[in-house]
Amino acid sequence: MTISIITVTYNSANTLKDTLESILRQTYQDIELIVVDGLSSDNTLSIIKEYQKVFGEKMQIIAEKDKGIYDAMNKGISMATGDIVGILNSDDFYSSDRILEEVAASFKKDHEIDAVYGDVHFIHQDQPEKCARYYSSAYFRPWLLRFGFMPAHPSFYARTSIYKKYGLYSLDYNIASDYDMMVRLFYKHKIKARYIKLDFVTMRIGGISTKNLHNRLQISKEDVIACKRNGMYTNFLFICVKYFAKIFEFRWW
């Protein structure tokens with residue numbers, strides 16, 4: 001069972017090595033790595049080519065202009081030849097060496113499941129050993145999507161056939177296309193998924209969805225649009241409920 005990993009890069013030189021090294025350390029190595037670069041202006045491409053020598057035939061590279069991160073993800077998924085597809089962003093890295101092994105084992109154990117997901121945690125750049133926020137997907141249920149809750153997207157691994165059947169990421173959103181995908185798959189198409197009690201990915205704080213208040217408002221508005229497009233009722237106040245719950249994710253000690 002081959003797992004295709006999609007990594008999108010754009011001026012990612014400061015963090016990309018951590019991402020690629022965490023893939024190399026995985027105990028499960030029946031993988032395919034597809035790196036999609038949006039024509040970086042720093043030395044990202046040099047780092048990619050350096051690691052291509054290490055990954056060999058397991059690594060494919062696309063370097064061309066794109067229409068944003070979701071367009072780049074779609075390019076990677078469209079190229080994927082593996083049985084399972086997951087996305088590892090270029091400023092994230094796997095939290096342990098056994099993540100892909102656990103993912104593969106879950107799909108091999110239950111041939112009926114369409115996807116798996118788990119937890120992620122966040123760190124500050126200057127304190128990489130300290131968990132600043134822990135995002136658990138343990139309590140996720142599809143009906144909670146109307147309140148803005150979804151499985152941790154960086155921990156989401158689905159069968160390649162799911163994307164072929166239900167489509168790729170929509171380019172109609174600036175920030176919330178991953179949320180739209182979760183609503184489409186879990187609510188509209190009712191895929192069968194399994195939660196794995198495991199911290200999949202370490203993420204650096206400062207991503208586009210949490211960058212500032214303007215982005216938070218925009219993502220909330222886009223969440224409402226995503227629900228309506230997929231037949232799920234919600235409103236702006238419903239979506240904002242998630243921000244109260246997020247208070248409990250932060251580690252204040």
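To start, this report covers the structure provided alongside it. Small disclaimer: the values here were computed from a predicted structure and weren't measured.

**Thoughts on the pairing of strand β3 (residues 59–63)**
Part 1: In the sheet, strand β2 (residues 31–37) pairs with β3 via 5 bridges, with the strands oriented parallel. Residue pairing for β3: V36 is matched across the bridge by I62.

**Section: the packing of aromatic side chains**
Part 1: Scanning all chains against the criterion turns up 11 aromatic pairs.
Part 2: Between Y233 and F238 the ring centres are 6.0 Å apart and the planes differ by 85°, which places this aromatic pair in the edge-to-face class.
Part 3: Each member of the aromatic cluster is reached from another via a ring pair, and the members are Y117, F140, F156, F186 and Y195.
Part 4: Between K190 and the ring centre of Y187, over which it is positioned, the NZ or CZ distance is 5.3 Å.

**Focus on the environment of L39**
Part 1: Mapping L39 onto the fold places it in the loop between β2 and α2 (44–55).
Part 2: When its relative accessible area of 45% is taken as the criterion, L39 is described as partly exposed.

**Re the packing of helix α1 (residues 16–24) against α2**
Part 1: The geometry of α1 relative to α2 is characterised by a closest axis approach of 10 Å and an angle of 15° between their N-to-C directions. Taken as axis vectors, α1 and α2 run roughly parallel relative to one another. In this structure, α1 crosses over α2, and the sense of that crossing is right-handed. Residue-level contacts link L16, K17, L20, E21, I23 and L24 of α1 to T44, I47, I48, E50, Y51, V54 and F55 of α2.

**With respect to α2**
Part 1: In this model, α2 (12 residues) spans 16 Å end to end at C-alpha, consistent with the 16 Å of a helix rising 1.5 Å per residue.
Part 2: Within the span of α2, buried status applies to T44, I47, I48, Y51 and F55. Along the axis of α2, the buried residues cluster in a sector spanning 100°; they form a single face. α2 presents K49 and K53 as exposed residues on the side facing more than 90 degrees away from its buried surface.

**Notes on unusual backbone geometry**
Negative phi characterises most residues that are not glycine, and trans characterises most peptide bonds.
Part 1: Not every positive phi belongs to a glycine, and N11 is a case in point at roughly 50°.
Part 2: Looking at the secondary structure, you find N11 in the loop between β1 (3–9) and α1.
Part 3: Despite not being glycine, K190 has its phi angle at roughly 55°, a positive value.
Part 4: The topology assignment puts K190 in the loop between α6 (177–188) and β9 (193–204).
Part 5: Here K190 falls in the exposed class, since its relative accessible area comes to 60%.

**A word on the side chain of N230**
Part 1: Along the chain, N230 falls in the loop between α7 (213–229) and α8 (236–245).
Part 2: Within polar-contact distance, the side chain of N230 engages the backbone oxygen of A226 at 2.8 Å.

**Overview of the environment of N43**
Part 1: Take N43: it is sitting in the loop between β2 and α2.
Part 2: A relative accessible area of 42% places N43 in the partly exposed class.
Part 3: Distance from N43 to Y10, taken between C-alpha atoms, is 10.0 Å for residues 33 residues apart in sequence.

**Topic: helix α4 (residues 99–109)**
Part 1: Within the sequence span of α4, burial applies to I99, L100, V103, A104, S106 and F107. Take α4 and look down its axis: the buried residues cluster within an arc of 160°, on one side only.

**Quick word on the nonpolar core**
Part 1: The biggest cluster of nonpolar side chains holds 72 residues, and the ones touching the most others in it are F156 and Y157.
Part 2: No other element matches the 6 residues that α6 contributes to this core.
Part 3: Setting aside residues no more than four positions away along its own chain, Y157 makes contact with I3, I84, V85, G86, Y94, L100, V103, F107, D114, A115, V116 and F200.

**Side note on the environment of G86**
Part 1: Looking at where G86 falls in the secondary structure, it is placed in strand β4 (residues 84–87).
Part 2: In this structure, the C-alpha to C-alpha distance between G86 and S155, residues 69 residues apart in sequence, is 7.6 Å.
Part 3: Once residues lying within four places of it in the same chain are set aside, the contact partners of G86 are S4, I5, I6, F156 and Y157.

What counts and how
Each chain has its residues counted from 1, running along the sequence as written. Only residues with pLDDT of 70 or above have their local features reported here, since the model is predicted, and side-chain atom pairs are shown and tallied only from 80 upward, although totals for entire chains, interfaces and linings are computed over all residues. Hydrogens and water molecules were not included; the side-chain quantities draw on all heavy atoms of the structure. Whether two strands pair comes down to DSSP finding at least two bridges between them. A helix here means a DSSP run of H or I that spans at least four residues, while a strand means a run of E at least two residues long, and both kinds are numbered starting from the N terminus. Between rings of Phe, Tyr and Trp, where Trp is taken as its six-membered ring, a pair exists when centres lie within 6.5 Å; planes separated by under 30 degrees are stacked, by over 60 edge-to-face, and by other angles tilted. Only Lys NZ and Arg CZ are tested; either one counts as a charge over a ring when it is within 6 Å of the ring centre and within 35 degrees of the ring normal. Accessibility here uses a 1.4 Å probe with only protein chains present; expressed as a share of the type maximum, an area under 20% marks a residue as buried, one over 50% as exposed, and anything in between as partly exposed. To get an axis, fit a line to the C-alpha atoms, keeping to the stretch in contact for a helix; angles then go from 0 to 180 degrees between the N-to-C directions. Here the word oblique covers every angle except those under 35 degrees (roughly parallel), over 145 (roughly antiparallel) and from 65 to 115 (roughly perpendicular). Whether a crossing is left-handed or right-handed is set by the direction in which the near helix is turned from the far one by less than a right angle, anticlockwise for left-handed and clockwise for right-handed. Between two residues, a contact is recorded if the distance between any of their heavy atoms is within 4.5 Å. A helix is expected to span 1.5 Å multiplied by its residue count minus one. In this context, the arc is that of the directions from the helix axis out to the C-beta atoms. Throughout this description, a polar contact denotes any pair of N or O atoms lying within 3.5 Å of each other; where both atoms belong to protein, one of them has to be capable of donating a hydrogen while the other can accept it, and for residues adjacent in sequence the pair is counted only when both atoms sit in side chains. Grouping buried Ala, Val, Leu, Ile, Met, Phe, Trp, Tyr and Cys residues that are joined through side-chain atoms within 4.5 Å yields what is termed a nonpolar core.

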